[in-house]
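# Chains, contacts and geometry: an overview
Each chain, letter by letter, is given below.
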Amino acid sequence: MSTPTNLLFSTTDEWVKVEGNIATIGISDYAQNSLSDIVYVEFKVSPGEIVKKETISVGVESVKAAADVNTPVSGTILEVNEALVDSYADINTDPYGSAWMMKIEISNPAELNSLMDAEAYDKFCENRSH
Amino acid sequence: MFIPHTDRERAEMLAAVGVNSLEELFEAVPAKFRFPQLNLPPALSEMEAMAQMQELAQANESARELACFLGAGAYNHYVPSAVDALLRRGEFYTAYTPYQPEISQGTLQAVFEFQSLIVNLTGMDVSNASHYDGATATAEAAVLAYHHFRGKRNRIILSPGVHPHFRQTLRTYMNGYENIQITGDEPGALPFNTPDQIKSQLDLNTSLVVVGYPDFFGRLFDYTELAAACHEFGALLCIAVNPMALALFKTPADFGADIVVGEGQPLGIPLSLGGPYLGIFAVKKDLVRKIAGRLVGETVDAAGQRGYVLTLTAREQHIRRDKATSNICTNQGLLALCATIYTSLLGKSGLRKVAELCYHKAHYAAEEIGSLPGYKLVSNSPFFNEFVVQTPRPVAEINSHLLDHGILGGFDLSLEYPELTNHMLIAVTEMNSRDEIDALRDALQEVNHG
């Protein structure tokens, strides 16, 4: 799967799509591939909550591992994708689409500067796999 | 004495830590504490020690020799010989689920059967492989509720009719959690409350409501409305059960309970001075990821053959143990097996028969005792095998009189509920013959006149 060029990425494998002051967040193809088959998703935040950058906001468990999803930016949670609790397999098949996890109203746009673009993220992943 | 290390190994270990002798190793311990005088009587031979222990044991009065009307959470049921015979087989006789569980398919299958039996009895979707006892299982329900609401709801309502030990243990478990308010059973709260009174205490900050079924006083309530009210406020309802009663009455799932906990002792586990017992813990499917402890699942191996595995244990023991919500990582494996053998042996109709005998004998006893002058049946709620009687004299006095007649009297409720002086909680099981019940009645009558 080629990495979408309209997204930003964190070093902990979350992707961020910025539209105005709204950030949509999910986990990358590299992340879902490392986890293998996802079997469980649990949201640890709910809409209305104010979160800081790197707040543990979603728990994801696969058949062989478990991981936390952090919020790559600070802000207010606008929406969480509750449907994922049942359709968790989408994280494996459509990580950049239907498997979005939450939307955040960005409170500190400067934080976006610390994220990587697709090209940098691809390199970052490539270096890790060696 | 068995000493696992050889002299050579000890010398090697001493050399490794850089000391010359054991004496030098223990130098940091002040000499006077190293071999203190223990002031023990002279050593006995095995034969002498056995005689002494037997003499001590004979000073105990056991439920086998007395007519037992004491319950209050532990019940004197008949345990068929097959239970112990199977339990003590070498293949099963271990207290724990093995650390490499999948190698012990027989044990895992037994635990799986246990879970299925508890699911059948309670009507819930999932049961875990057990907790230490009813009290710790109840406490785990509070831990679950706390994490279910991610610490955002901090009020737990306990009915005063939940076993006092369960409530105490729950409080102990919740000690380290911040801002938890445990309410409903404060001193002065009406012990004989109703589901409506619990309902009126609900608010949007309530995470959990715990009630008994039957409650500590033996009373049975239909909790359907309470469950609906809990859910209206978004709270979870936990029902603490006597599993034996479930063979006869509506299940907690019928009411809409979210969590069922209970003391499994009535299912084939002997009284044995109060333990070890068995904690029951079952939930609705949507809470399955939140339950602590162990869970056995059925699957197929690579060759398509049926097999059993520990499942959903990520949070407890394995990859996510840093995220564990409970420190429970074990279960009462042997006693869960005990309950499994007992329940399988009796079957659905056998279990119902035992429950019916308990029910009918208890109702006969209640009628006889309730009509004695000076005694009054306190509650008019339906009950299973236990009921409260108001007595003409303090319960301790009456019980000492009963003991002279070879009868172990009921529980003195003033020990747990100071306002309930002269209130006795009487339990009746299939073990109590009509003659025993009549003897209890006559002795109670006598004590009033005496």
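Computed from a predicted structure; not experimentally measured. (Residues numbered from 1 in each chain as written. Chains lettered and ligands numbered in written order. Predicted model: local features only at pLDDT ≥ 70, side-chain atom pairs only at ≥ 80, totals over all residues.)

## What to know about the overall build of chain B
Broken down by element type, chain B carries 14 helices and 15 strands. Within chain B, the proportion of its 450 residues that are buried is 42%. (Helix = DSSP H or I, 4+ residues; strand = E, 2+ residues; numbered from the N terminus. Buried ≥ 20, exposed ≤ 12 C-beta atoms within 10 Å, placed from the backbone.)

## What about unusual backbone geometry?
The omega angle of the peptide bond from Tyr213 of chain B to Pro214 of chain B is -10°, so this bond is cis rather than trans. Position of Pro214 of chain B among the secondary structure elements: in the loop between β5 (206-213) and α10 (224-232). Here the residue pair Gly275 of chain B and Pro276 of chain B is connected by a cis peptide bond, since its omega of 5° sits within 30 degrees of zero. With a phi angle near 70°, Asp13 of chain A is a residue other than glycine that sits in the positive phi range. In this structure Asp13 of chain A comes out as buried when scored by C-beta crowding, with 24 C-beta atoms within 10 Å. Even without glycine at this site, Ser130 of chain B takes up a positive phi of about 100°.

## Some details on helix α13 (residues 395-404) of chain B
All names here are of chain B. For α13, every residue scored as buried is listed here: Val395, Ile398, Asn399 and Leu402. Here the buried residues of α13 occupy an arc of 100° about the axis, which is enough to place them on one side. Those residues of α13 that are exposed and aimed more than 90 degrees away from the buried face are Ala396, Ser400 and Asp404. Buried residues along α13 sit against β13 (407-408), β14 (411-412), β15 (423-427) and α14 (434-449). (Arc of directions from axis to C-beta. Contact = placed C-beta atoms within 7 Å.)

## Observations concerning the nonpolar core
Soluble, globular proteins show a tendency: their nonpolar side chains are buried together. Grouped together as the largest cluster of nonpolar side chains are 119 residues, with contacts concentrated most on Ala142, Leu208, Val209, Cys238 and Ile239 of chain B. Sort the elements by how many residues they give to this core and helix α12 (residues 333-370) of chain B lands first, with 17 residues. When residues of this core are assigned to domains, at least three fall in each of domain 1 (67-79 + 347-449) and domain 2 (81-342) of chain B. Look past the residues within four positions of Ala142 of chain B in its chain and what remains in contact with it is Ile156, Leu170, Tyr173, Met174 and Leu208 of chain B. Core analysis: the next-biggest nonpolar cluster, separate from the first, contains 31 residues, Val16, Val51, Val69 and Val73 of chain A among them. (Core = buried A, V, L, I, M, F, W, Y, C linked by C-beta atoms within 7 Å. Domains from an automatic or database assignment.)

## Quick notes on the environment of Leu334 of chain B
Relative to the elements of secondary structure, Leu334 of chain B occurs in helix α12. Taking the number of C-beta atoms within 10 Å as the measure of exposure, Leu334 of chain B has 20 and is therefore buried.

## Section: the packing of α12 of chain B against α14 of chain B
Residue and element names in this part refer to chain B. With their axes 10 Å apart at the nearest point, α12 and α14 run at an angle of 20° to one another. Classified by the angle between their axes, α12 and α14 sit roughly parallel to one another. α14 is crossed by α12, and the crossing has right-handed handedness. Packed against α12, whose contacting residues are Lys361, Tyr364, Ala365, Glu368 and Ile369, the element α14 presents Ile437, Leu440, Arg441 and Leu444 at the interface. (Axes fitted to C-alpha atoms, helices over the stretch in contact; angles between N-to-C directions. Parallel < 35°, antiparallel > 145°, perpendicular 65-115°, else oblique. Left-handed = near helix turned anticlockwise from the far one by under 90°.)

## Thoughts on the domain arrangement of chain B
All names here are of chain B. The domains assigned to chain B are domain 1 (67-79 + 347-449) and domain 2 (81-342). Measuring from the centre of the C-alpha atoms in domain 1 to the corresponding centre in domain 2 gives 28 Å. With 26 residues of domain 1 at the interface, the matching set in domain 2 holds 25 residues. When residues of the side of domain 1 that touches domain 2 are traced back to their parent elements, those giving at least two are α12 and β12 (386-390). Counting residues per element, the side of domain 1 that touches domain 2 draws most heavily on α12, which supplies seven residues. Residues that form the side of domain 1 that touches domain 2 fall into these classes: 16 nonpolar, six polar and four charged. (Nonpolar A, V, L, I, M, F, W, Y, C, P; charged D, E, K, R; others polar.)

## Notes on the packing of helix α6 (residues 105-122) of chain B against α12 of chain B
Residues and elements named next belong to chain B. At their nearest, the axes of α6 and α12 sit 9 Å apart, and the two run at 60° to each other. In terms of orientation, α6 and α12 fall into the oblique class. For α6 against α12, the interelement crossing comes out left-handed. Residues Thr107, Ala110, Val111, Glu113, Phe114 and Leu117 of α6 lie in contact with α12, whose contacting residues are Gly333, Ala336, Leu337, Ala339, Thr340 and Thr343. Looking at the contact of α6 with α12 residue by residue, the class counts come to seven nonpolar, four polar and one charged.

## A short note on the sheet that holds strand β3 (residues 22-27) of chain A
All names here are of chain A. As summarised here, the arrangement of the seven strands in space is β5-β8-β9-β3-β2-β1-β10, forming an open sheet in which the pairing is antiparallel. For this open sheet the edge positions go to β5 (50-51) and β10 (116-117), each flanked by a neighbour on one side alone. Two strands pair when backbone bridges link them, and strand β2 (residues 14-19) and β3 are joined in this way by six bridges, in the antiparallel orientation. Bridged to Glu19 within β3 is Ile22. (Pairing = 2+ DSSP bridges.)

## Side note on the sheet that holds β14 of chain B
Residue and element names in this part refer to chain B. Taken together, four strands build an open sheet; the order of strands is β11-β12-β15-β14 and the sheet is antiparallel. The sheet is open, and its two borders are formed by β11 (376-377) and β14, each paired with just one other strand. α12 rests against β11, β12 and β15 of the sheet, and its axis sits at about 5° to β12.

## Re α14 of chain B
Residue and element names in this part refer to chain B. A rise of 1.5 Å per residue sets the reference length of α14, with its 16 residues, at 22 Å; its end C-alpha atoms lie 23 Å apart and thus fit the reference within 8%. Along α14, the positions that sit buried rather than exposed are Ile437, Leu440, Ala443, Leu444 and Val447. The buried residues of α14 occupy an angular sector of 125° when projected down its axis, which confines them to one face. The exposed residues of α14 that point more than 90 degrees off its buried face are Arg434, Asp435, Glu446 and His449. On its buried side, α14 packs onto β1 (67-68), α12, α13 and β13. (Expected span 1.5 Å × (residues − 1).)

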